[in-house]
Amino acid sequence: MSTDRDPGLQPERTRLAWRRTTLSGTVVAVLAAKSALQDGAGPSSVLAAALCCALWLAFLYIAHGRITGLAAAHRPRALPPPHATAAALCTVAVAVCGAFLVL
Amino acid sequence: MIEFVRNVRLWFVPGEVREEGRTPDYRFSLANERTFLAWLRTALALIGGGFAVDQFLPDLRGSWRVGLALALLASGVLCSLRAVNHWVRCERAMRRGEDLPASRFPALLGLVVAVVAVAMVVVVLVDWEG
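Note that this is a predicted model, so its numbers are computed, not measured.

Caption draft 1: Highlighting the packing of helix H2 (residues 43-72) of chain A against helix H3 (residues 81-102) of chain A. All names here are of chain A. The interhelical angle for the contact between H2 and H3, taken along N-to-C directions, is 165°, at an axis separation of 9 Å. What the angle tells us is that H2 and H3 run roughly antiparallel. H3 is crossed by H2, and the crossing has left-handed handedness. From H2, Ser45, Ala48, Ala49, Leu51, Cys52, Leu55, Ala58, Phe59 and Ile62 reach across to H3, where they touch His83, Ala86, Ala87, Cys90, Ala93, Val94, Cys97, Phe100 and Leu101. A class-by-class count of the residues in the contact of H2 with H3 yields 16 nonpolar, two polar and no charged.

Below you can see the structure in the form of structure tokens.
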């Protein structure tokens, strides 16, 4: 069984890449939460920050799904395009919330 | 630009990329996925930079601060959209057995980051003087 394991550990590296990306998203979500907790932050900025945290959860869900998929198969299939698009759109939506927080 | 719009269809349709050509070695697809994720992290870093400019440079004049933050956020959006597009193009090129698509985007982003960094140094120095 272990003889035909991929010596390049590609699924493991891909799993860690998803983890790193989720971690980067965490930093952004924390920064968003910080700006909503500043003095003089109105309800709209609290809403935008809450939305950022919800988007972070959505990204976590996508990453978790992919990590489970990578672990389940011996030769994992390529990432389905809608999942990649969903991950990128989460990032875009966080940036849009960020624009609300900045303005 | 027309090519980009045509590719957008591929972003949302699960099976369409798989219909073409032959499935490449799964390791190539995973490498492409990691590149996509690296670009997504770059986008997140730019977005985080936008947040940081807004929060950690309170002394910067309002219009500069908002402008710079919005520019960083916009470049993050651009970077993440381009990440999916490039990922789909690479995936398709691998299935068709073509060369991987060349791109000017990394050079462009590098230049933009360099210009923004120099601008920040100037802004901070001018602020220091005055």
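Once the structure has been displayed, the description carries forward.
Caption draft 2: Expanded view of the interface of chain A and chain B. Each partner contributes residues to the interface: chain A has 43 residues there, and chain B has 35 residues. For the pair chain A and chain B, the summed buried surface comes to about 3,600 Å²; carbon and sulfur atoms form 72% of the total. Taken together, the connections running from chain A to chain B amount to one salt bridge. Its salt-bridge partner being B:Glu33, residue A:Arg66 comes within 2.7 Å of it at the nearest N-O pair. If you look at where chain A meets chain B, you find nine residue pairs in polar contact (both at pLDDT 80 or more). Listing elements by their share of the side of chain A that touches chain B, those giving two or more residues are helix H1 (10-37), H2 and H3 of chain A. A breakdown of the residues in the side of chain A that touches chain B according to their chemical character gives 26 nonpolar, 10 polar and seven charged.

Caption draft 3: Layout of the packing of helix H1 (residues 2-12) of chain B against helix H4 (residues 62-96) of chain B. Residues and elements named next belong to chain B. Contact geometry for H1 and H4: axes closest at 10 Å, N-to-C directions at 80°. By the angle class used here, H1 and H4 are roughly perpendicular. Only Leu81, Val84, Asn85, Val88, Arg89 and Arg92 of H4 make contact with H1, whose side of the interface consists of Glu3, Phe4, Asn7, Leu10 and Trp11. Across the contact of H1 with H4, the residue classes tally to six nonpolar, two polar and three charged.

Caption draft 4: Structural view of the UniProt feature "transmembrane region" (unreviewed entry) in chain B. As annotated in UniProt, the feature "transmembrane region" (unreviewed entry) corresponds to residues 36-57, 63-84 and 105-126 of chain B in the numbering used here. This span, residues 105-126 of chain B, is 100% helix and 0% strand, and a straight line between its end C-alpha atoms measures 31 Å.

Caption draft 5: Fine view of the environment of A:Gln10. With respect to the helices and strands, A:Gln10 occurs in helix H1. Distance from A:Gln10 to A:Leu70, taken between C-alpha atoms, is 9.8 Å for residues 60 residues apart in sequence. Setting aside anything within four residues of it in sequence, one finds A:Gln10 in contact with B:Arg27, B:Leu30 and B:Arg34. A polar contact of 2.7 Å, which involves the side chain of A:Gln10, links it to the side chain of B:Arg34.

Caption draft 6: Up close: the pattern of salt bridges. All names here are of chain B. Scanning the model with the defined rule gives five salt bridges over all chains in all. Ionic pairing is found between Arg65 and Asp54, a salt bridge with its closest N-O pair at 2.5 Å. Here the residue Arg65 occupies a position in helix H4, and Asp54 occupies one in helix H3 (residues 26-56), the gap between them amounting to 11 residues. Take Arg65 and Asp54: they sit in the same class, and that class is buried. In this structure, Arg96 engages Glu98 in a salt bridge whose closest nitrogen and oxygen atoms are separated by 3.7 Å.

Caption draft 7: The arrangement of the UniProt feature "domain: DUF202" (unreviewed entry) in chain B in detail. Within this numbering scheme, the UniProt entry marks residues 27-93 of chain B as carrying the feature "domain: DUF202" (unreviewed entry). When the span residues 27-93 of chain B is considered, its composition is 93% helix and 0% strand, and the gap between its end C-alpha atoms is 15 Å.

Caption draft 8: Structural view of the environment of A:Thr26. Residues and elements named next belong to chain A. Within the secondary structure, Thr26 sits in helix H1. Look at Thr26 and you get partly exposed, because its relative accessible area is 24%. The spacing of Thr26 and His83 is 57 residues in sequence and 19 Å in space, taken between C-alpha atoms.

Caption draft 9: Expanded view of the nonpolar core. Of all hydrophobic cores here, the largest spans 50 residues; its most connected members are A:Trp18, B:Phe36 and B:Phe51. Broken down by secondary-structure element, the contributors of at least two residues to this core are H1, H2 and H3 of chain A together with H1, H3, H4 and helix H5 (105-129) of chain B. A total of 12 residues in this core trace back to one element, the largest contributor, which is H3(B). Residues within four places of B:Phe51 in sequence aside, it is in contact with A:Val28, A:Leu31, A:Ala32, A:Cys52, A:Val94, A:Gly98 and A:Leu101.

Parameters at a glance
- Residues numbered from 1 in each chain as written.
- Chains lettered and ligands numbered in written order.
- Predicted model: local features only at pLDDT ≥ 70, side-chain atom pairs only at ≥ 80, totals over all residues.
- Heavy atoms only, no water.
- Axes fitted to C-alpha atoms, helices over the stretch in contact; angles between N-to-C directions.
- Helix = DSSP H or I, 4+ residues; strand = E, 2+ residues; numbered from the N terminus.
- Parallel < 35°, antiparallel > 145°, perpendicular 65-115°, else oblique.
- Left-handed = near helix turned anticlockwise from the far one by under 90°.
- Contact = heavy atoms within 4.5 Å.
- Nonpolar A, V, L, I, M, F, W, Y, C, P; charged D, E, K, R; others polar.
- Buried area = accessible area lost by both parts, 1.4 Å probe.
- Salt bridge = Lys/Arg side-chain N within 4 Å of Asp/Glu carboxyl O.
- Polar contact = N/O pair within 3.5 Å; in protein donor to acceptor, adjacent residues only side chain to side chain.
- UniProt positions renumbered as here; feature names shortened; annotations may be inferred.
- Buried < 20%, exposed > 50% of the residue type's maximum accessible area, 1.4 Å probe, protein only.
- Core = buried A, V, L, I, M, F, W, Y, C linked by side-chain atoms within 4.5 Å.

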